[in-house]
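Residues per chain are reported as follows:
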Amino acid sequence: MTLGELLQARGFDPTGVMAIRNTLHAEDASNDFRDLADVISANALPMYDRMQDGPRIAHRTAVLSFAATDGGQARLTSLRTFLLRKPGSVPGDIVYDYDAAHLLHSFIARAATPCFYDAIEREELNELFGRLVVQWPEPLSDNILAANDDALTVVVA
C-alpha cells in the first residue's frame, strides 16, 4: 500500500500534501547532536525540519514530517501546515531555543539560501504519529516528496 492510499483510506486527501524525511545533516552534527536521535530527544525535530535551503515547500502547504530510521525507512512524527517566512526572518521559537542554537547556526553557515517556516499543528492523523513507518525511495537525498508519490510505501501502519 502506498502512503497516499493509506491517507485516502483514512479520509485524508493527500493531494498537495508534502512528506519530508528528516535526517541530521553532517555539517549540523556536534557533541550535543551526534545523530537524529539526539535531535529528537532534545525535542528539536519540530524546529529542525522548518529550516530549509531554499523555499523547497510552498507557503501554506500541509507537511507530513518523518524521522529517518534504518534502511531508508522513516517514522511519522507530525502533520503541520508550513508558512514560508520572508527571507532572513527566523521564527522566534528557533532563535530563542538555546539548547538547539548549534543547529540554527550551522544551518545558516551551510545553507546557500536559508529559508524558515512557521508551522501550525494539525490533528487529523494524530493516531499515526510515532506508529506509521514508510519506506522512502532511492535516492534518499530526495528528502521532500509529494505525500501521494507512488514510491512512498507503507511498512507499518
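None of these values were measured; they are calculated from a predicted model.

Draft legend 1. How the structure looks around the nonpolar core. Judged by nonpolar contacts, the single largest core of 21 residues is most densely connected at Leu3, Leu64, Phe66, Leu132, Val134 and Trp136. Elements that contribute at least two residues to this core include exactly helix H1 (3–9), strand S3 (61–68) and strand S4 (73–84). Aside from chain neighbours lying at most four places away, what touches tryptophan 136 is Ala19, Ile20, Arg21, Phe66, Gly72, Ala74, Asp142, Asn143, Ile144, Leu145 and Leu152. Leu36, Tyr48, Phe107 and Phe116 belong to the second largest nonpolar core, which has 18 residues in total.

Draft legend 2. Fine view of the pattern of salt bridges. Tallying each qualifying case throughout the model produces seven salt bridges. For arginine 10, the salt bridge goes to glutamate 127, with nearest N and O atoms at 2.9 Å. With arginine 10 in the loop between H1 and strand S1 (18–22) and glutamate 127 in the loop between strand S5 (114–121) and strand S6 (133–135), the pair connects residues that are 117 residues apart, well separated along the chain. Under the relative-accessibility criterion, arginine 10 is labelled partly exposed at 38%. Glutamate 127 gets classed as partly exposed once you look at its relative accessible area, which sits at 37%. Taking the shortest distance from any N to any O, the salt bridge between glutamate 124 and arginine 122 comes out at 2.5 Å.

Draft legend 3. Structural detail: the side chain of asparagine 143. Along the chain, the position of asparagine 143 falls in the loop between S6 and strand S7 (144–146). Polar side-chain contacts of asparagine 143 include one of 2.9 Å to the side chain of arginine 56. Apart from the residues within four sequence positions on either side, asparagine 143 is in contact with Ala19, Ile20, Arg21, Arg56 and Trp136.

Draft legend 4. Geometry of the packing of aromatic side chains. Across all of its chains, the model carries four aromatic pairs by this definition. With a centroid separation of 6.1 Å and an interplanar angle of 65 degrees, the aromatic rings of phenylalanine 66 and tryptophan 136 are classed as edge-to-face. On the criterion of sequence distance, the pair formed by phenylalanine 66 in strand S3 and tryptophan 136 in the loop between S6 and S7 is long-range, its members being 70 residues apart. Judged by centre distance (5.6 Å) and plane angle (80 degrees), the rings of phenylalanine 107 and phenylalanine 116 are edge-to-face.

Draft legend 5. View of unusual backbone geometry. Note the cis peptide between glutamate 138 and proline 139, where omega equals -5 degrees. Considering the arrangement of structural elements, one finds proline 139 in the loop between S6 and S7. Phi at asparagine 43 takes a positive value of approximately 55 degrees, unusual for a residue other than glycine. Exposure remark for asparagine 43: the relative accessible area of 57% places this residue in the exposed category. Unusually for a residue other than glycine, arginine 60 sits at a positive phi of about 65 degrees. Locating arginine 60 in the fold gives a position in the loop between strand S2 (51–53) and S3.

Criteria and thresholds
Residues numbered from 1 in each chain as written. Predicted model: local features only at pLDDT ≥ 70, side-chain atom pairs only at ≥ 80, totals over all residues. Heavy atoms only, no water. Core = buried A, V, L, I, M, F, W, Y, C linked by side-chain atoms within 4.5 Å. Buried < 20%, exposed > 50% of the residue type's maximum accessible area, 1.4 Å probe, protein only. Helix = DSSP H or I, 4+ residues; strand = E, 2+ residues; numbered from the N terminus. Contact = heavy atoms within 4.5 Å. Salt bridge = Lys/Arg side-chain N within 4 Å of Asp/Glu carboxyl O. Polar contact = N/O pair within 3.5 Å; in protein donor to acceptor, adjacent residues only side chain to side chain. Phe/Tyr/Trp six-rings, centres within 6.5 Å; stacked < 30°, edge-to-face > 60°.

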